[in-house]
Amino acid sequence: MLTGASENSGVRLLTVRELPAALQLSSLAGWNQTAAEWQLLLEVASDSCFCIAVGGVLAATATLIPYGSRLGWIGMVLTHPEFRKRGFARRLLTHCVGHADALGIRTLKLDATEQGQHLYESLGFVPEQTVERWIRSCPPSRERPVSITGKSSLALADDALAFGADRSQLLERLSRHSNCFAAANSYLLSRTGRIYRYLGPCVARDLKTANQLFQLALGNSSERECAWDFLANNHGAKSLAEDLGFGPHRRLLRMSRGEQLRSRDDLIYAIAGFEFG
Ligand SMILES: CC(C)(COP(=O)(O)OP(=O)(O)OC[C@H]1O[C@@H](n2cnc3c(N)ncnc32)[C@H](O)[C@@H]1OP(=O)(O)O)[C@@H](O)C(=O)NCCC(=O)NCCS
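What counts and what doesn't
Residues numbered from 1 in each chain as written. Predicted model: local features only at pLDDT ≥ 70, side-chain atom pairs only at ≥ 80, totals over all residues. Heavy atoms only, no water. Core = buried A, V, L, I, M, F, W, Y, C linked by side-chain atoms within 4.5 Å. Buried < 20%, exposed > 50% of the residue type's maximum accessible area, 1.4 Å probe, protein only. Helix = DSSP H or I, 4+ residues; strand = E, 2+ residues; numbered from the N terminus. Domains from an automatic or database assignment. Contact = heavy atoms within 4.5 Å. Phe/Tyr/Trp six-rings, centres within 6.5 Å; stacked < 30°, edge-to-face > 60°. Lys NZ or Arg CZ within 6 Å of the ring centre and 35° of its normal. Near = heavy atom within 4 Å. Polar contact = N/O pair within 3.5 Å; in protein donor to acceptor, adjacent residues only side chain to side chain. Areas by Shrake-Rupley, 256 points an atom, 1.4 Å probe, with all protein chains shown as cover. Salt bridge = Lys/Arg side-chain N within 4 Å of Asp/Glu carboxyl O.

Looking now at the nonpolar core. Among soluble globular proteins, nonpolar side chains are generally buried collectively. Judged by nonpolar contacts, the single largest core of 45 residues is most densely connected at L14, W38, I65, Y67 and F276. Here this core takes five residues from helix 2 (residues 35-44), the largest share from any one element. Lining this core are residues from two domains, each supplying at least three of them: domain 1 (12-109) and domain 2 (132-270). Beyond its immediate stretch of four places on either side in the chain, I65 contacts L41, V44, A45, L71, G72, W73, E275 and F276. In terms of nonpolar packing, the next biggest core, distinct from the first, is built from 28 residues, A59, A112, L119 and L123 among them.

So, in structure tokens, the structure goes:
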């Protein structure tokens with residue numbers, strides 16, 4: 001198992017001490033992640049958050065969350081603008097893929113920006129579908145906040161069915177930083193982001209329940225801007241986002257490598273984040 005620098009590549013594990021620099025990298029790219037999300041990545045994937053440093057400066061990162069051996073999720077592929085085009089992202093991605101193979105992970109996935117797509121294709125990733133980010137300016141609600149359910153009600157069995165792998169450990173930790181809404185084998189988490197309040201993940205048994213959950217979450221939000229990422233295959237999510245006043249902001253491409261994963265996209269009304277799946 002890799003604990004220090006891997007042979008000749010300069011790739012090594014990211015340390016807690018480097019989290020402020022990691023946050024600076026994602027912020028420079030205009031991303032929404034907070035220090036808490038970086039910390040959470042290190043907690044759930046302590047052996048597979050990788051980086052390259054140059055002269056003590058954090059130059060590039062990539063994270064891999066193993067969801068058992070069924071699925072691995074790659075995220076936070078970032079190179080500091082001053083260190084781009086030196087092959088750092090390629091080295092990190094090659095390392096992530098090798099590490100996942102060594103763990104026996106059957107499927108790898110990620111949500112690619114346009115800048116990353118060519119690299120992922122060259123490493124055997126194939127396009128699956130578009131992931132859309134929609135945003136809305138939501139004025140703080142003047143009504144009293146509605147009650148928020150405890151994390152124990154999260155419908156974890158249905159989540160594994162929908163997502164295709166067991167991500168209960170991630171959800172348990174995410175729920176500590178989130179408002180949690182649950183009803184009828186369905187749930188929605190909502191957490192603070194660096195720029196936007198983030199709505200997701202949401203797994204719901206039908207559109208009506210998803211609608212109730214999003215209305216609750218929006219009613220409880222005191223932040224102006226909210227972001228919601230959904231799979232283009234889930235047409236219900238898109239129509240709901242339109243109805244609730246969200247509009248398109250950006251698109252990423254979900255890509256995968258390895259065995260096909262059985263999932264139920266029709267039950268996923270919001271993803272957990274580009275870095276989480
Ligand atoms: C995408 C990114 C991580 C690439 O980092 P990098 O260290 O410069 O990449 P590398 O030097 O390893 O180059 C990898 C490949 O991507 C290509 N590439 C790098 N930057 C690119 C860019 N801005 N636009 C298009 N292609 C680019 C390179 O040509 C290279 O292809 P090659 O190996 O066939 O020549 C970096 O531009 C970045 O941090 N962008 C902002 C965040 C982002 O979009 N991350 C991707 C998330 S999925």
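Per the counting criterion, the structure on display carries eight aromatic pairs. Seen from their ring centres, Y67 and F163 are 5.3 Å apart, and the 90° between their planes marks the pair as edge-to-face. Here F163 lies in helix 5 (residues 156-163) and Y67 lies in strand 3 (residues 57-67), a separation of 96 residues in the sequence. Neither residue differs from the other here; Y67 and F163 are each classed as buried. Summarising the aromatic geometry, the rings of W73 and F163 are spaced 6.2 Å apart at their centres and angled 35° between planes, so their arrangement reads as tilted. Here F163 lies in helix 5 and W73 lies in strand 4 (residues 71-79), a separation of 90 residues in the sequence. Of the residues examined, F163 reaches a relative accessible area of 6% and is grouped as buried. Here the aromatic cluster, defined as three or more aromatic residues joined through ring pairs, consists of W134, F214, W228, F230 and F246. In this structure, R167 packs its charged tip against the face of F163, placed 4.1 Å from the ring centre.

Glancing now at the site of the ligand. Contacts to the ligand come from 17 residues, most closely from V77, K85, G87, T113 and Q115. R84 places a side-chain nitrogen or oxygen 3.3 Å from an oxygen atom of the ligand. In the model, a nitrogen atom of the ligand is placed 2.6 Å from a nitrogen or oxygen of the Q115 side chain. In isolation the ligand has 880 Å² of accessible area, and contact with the protein removes 76% of it. Contributing elements (two or more residues each) for the shell around the ligand: strand 4, helix 3 (88-102), strand 5 (107-112) and helix 4 (114-122).

Turning next to helix 2. Those residues of helix 2 that fall on the buried side of the exposure criterion are E37, W38, L40, L41, L42 and V44. Tucked into the core, helix 2 has its buried residues touching helix 1 (19-28), strand 2 (49-54), strand 3, strand 4, helix 6 (168-176) and strand 8 (186-191).

For the rest of this paragraph, the subject is the pattern of salt bridges. Should their charged atoms come close, side chains of opposite charge can pair. With the rule as written, the count across this model stands at 14 salt bridges. A salt bridge links D101 to R257, with the nearest nitrogen and oxygen atoms 3.9 Å apart. In this pair, D101 sits in helix 3 while R257 sits in strand 11 (residues 247-258), placing the two residues 156 residues apart along the sequence. According to the relative accessible area criterion, R257 is partly exposed, its value standing at 25%. Several salt bridges share partner residues, and in doing so they unite R70, R106 and E259 into one network.

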